[in-house]
Amino acid sequence: MSETVIKPIELSRLLFDRKNPRLVEFDLSPKASDQEIIRILWETMDVRELVQSIAASGFFEHESLLVVASNNLYTVIEGNRRLAAVKLLLDPSLKPFPEVNIPCIAGSLRKKLSQLPSLVVTSRDEAWRYLGFKHVNGPAKWSSFAKAQYIADVHRRVEVDLGDIAEQIGDTHRTVYRLYRGLVVLEQAERLRVFKKGDRWKKHFSFSHLYTGLDYQGIQSFLGLREEVDDATDFVPKDKKGELGELFLWLYGSKKNDKAPIVKSQNPDLRRLDAVLNNIESRAALRNGYSLDYAFKASQPASRRFSEALQRSKADLESARALLSEGYDDTPQLLSMAKAVRNLACDLYDEMIRRGSSSSGEQISETR
């Protein structure tokens, strides 16, 4: 950034940044009130901790806000949480919920907080390197969706190549490209009307499910994902519109259609979905309404499923054996069940012996 000076600015002239990447994901109305913004920041970004800290120790000048001027007002492009905390301390009526307790502060601190130290920059463009390093790949990281929004804004509006953005912020893991690609695919899905962010099942938008999943081979093949292109507007071919909608439904569900997402958590569900989409039979099972767990098992080789079933049976029998002395009360039905298990185990073992003998031409010695 060019040479600038920190100066005090009256609180009444400091505005929340409605274009802040951390707020964009909440689909704020352009006319959203300060109280609405404070509620979002309070719920998602630990404003409570800042309120307590500033009430106890004041507002430190070295933590000045970063602002851009317009019509004698100043939009805070860095420091919206701190701005929210100060507004709450000076006007507790802005508190997001009735049960929230805002500390009372002395008149001397109230006077000091009426002006906040601010670093004025000429434009957002001037600050993008600083913000990108701090929040995309640095110590104060934004959510993945906020990062993607910011990268797209710098790439499109400031016209900086993705490679240059990555170099400026010290990204050595292709994070910049992956986030941008995820956002472009999201925008394509919304443009094609196969997904609407506001219709997702969960309140939290797990954008990382999408941008991470787009790295997986099964999901890439399912979508026919195109090669890396900086200025791409459509990473998914038009004839894959249906598949794109299916993927978003599986990832995020739909309130309107009363459909919960099948990907409950990134690990292990996203990898399981990738395996399912790489297999015709398991993919059909998923489309026919079967669970992800069922479809995933169907995607695995029969040899692996057999081995895992055998291991589970062994573990269950070991647990039953350990509980025998305390859990068995001479109930005839339990004894009958144990006999059935024994017979099944013997039949399974005998069949495995026969198959092993016939395939190798040798008799395997039996031990029971």
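Residues numbered from 1 in each chain as written. Predicted model: local features only at pLDDT ≥ 70, side-chain atom pairs only at ≥ 80, totals over all residues. Heavy atoms only, no water.

A.B. asks: With reference to specific residues and values, describe the confidence of the model for the protein.
C.D. replies: Averaged over all residues, the pLDDT of the protein is 87; the fraction at 70 or higher stands at 91%. Here helix H6 (residues 124-135) is the element of the protein with the lowest mean pLDDT, 69, and helix H12 (residues 241-252) is the one with the highest, 97. (pLDDT = per-residue confidence, 0-100. Helix = DSSP H or I, 4+ residues; strand = E, 2+ residues; numbered from the N terminus.)

A.B. asks: Account for the pairing of strand S4 (residues 73-78), naming residues and giving values.
C.D. replies: The element S4 is largely enclosed, with a buried count of 5 among its 6 residues. For strand S2 (residues 14-15) and S4, the ladder comprises 2 bridges, and the chain directions are parallel. Pairing of Leu15 across the sheet is with Thr75, part of S4. The sheet contact formed by strand S3 (residues 65-70) and S4 spans 5 bridges and is antiparallel. Bridging across to S4, Ala69 finds its partner in Tyr74. With antiparallel pairing between neighbouring strands as the criterion, S3 and S4 make up a hairpin whose turn holds 2 residues, including Asn71 at a positive phi of roughly 55°. (Buried < 20%, exposed > 50% of the residue type's maximum accessible area, 1.4 Å probe, protein only. Pairing = 2+ DSSP bridges.)

A.B. asks: Let's hear about the pattern of salt bridges: which residues, and what values?
C.D. replies: For the coordinates displayed, the defined rule picks out 16 salt bridges. Its salt-bridge partner being Glu187, residue Arg156 comes within 2.7 Å of it at the nearest N-O pair. Placement of Arg156 in helix H7 (residues 144-157) and of Glu187 in helix H9 (residues 175-191) is noted, with a sequence separation of 31 residues between them. Asp215 serves as the salt-bridge partner of Arg181, at 2.6 Å between the closest nitrogen and oxygen. Linking Arg181 in helix H9 with Asp215 in the loop between helix H10 (207-213) and helix H11 (217-223), this pair joins segments that are 34 residues apart in sequence. Overall, Arg181 belongs to the buried group, its relative accessible area being 4%. For Asp215, a relative accessible area of 29% translates into the label partly exposed. (Salt bridge = Lys/Arg side-chain N within 4 Å of Asp/Glu carboxyl O.)

A.B. asks: Could you give an account of the sheet that holds strand S1 (residues 6-10), with specific residues and numbers?
C.D. replies: One open sheet accounts for 5 strands, arranged S1-S5-S3-S4-S2; its pairing is mixed. Strands at the two margins of the open sheet, each flanked by one partner only, are S1 and S2. As paired elements, S3 and strand S5 (residues 115-121) share 4 bridges and run parallel to each other. Paired with Val67 across the strands is Val120, a residue of S5. Helix-sheet contacts for helix H4 (residues 80-90) involve S2, S3, S4 and S5, and the interaxial angle to S4 is about 125°. (Contact = heavy atoms within 4.5 Å. Axes fitted to C-alpha atoms, helices over the stretch in contact; angles between N-to-C directions.)

A.B. asks: Would you mind going over the packing of helix H2 (residues 34-44) against H4 in detail, with residue names and values included?
C.D. replies: Across the interface, H2 lies against H4 with an axial gap of 10 Å and an inter-helix angle of 115°. When the axes of H2 and H4 are compared, the crossing they make is left-handed. Contacts between H2 and H4 pair Asp34, Ile38, Leu41 and Trp42 from the former with Asn80, Arg81, Ala84, Lys87 and Leu88 from the latter. Here the contact of H2 with H4 is composed, by residue class, of 5 nonpolar, 1 polar and 3 charged. (Left-handed = near helix turned anticlockwise from the far one by under 90°. Nonpolar A, V, L, I, M, F, W, Y, C, P; charged D, E, K, R; others polar.)

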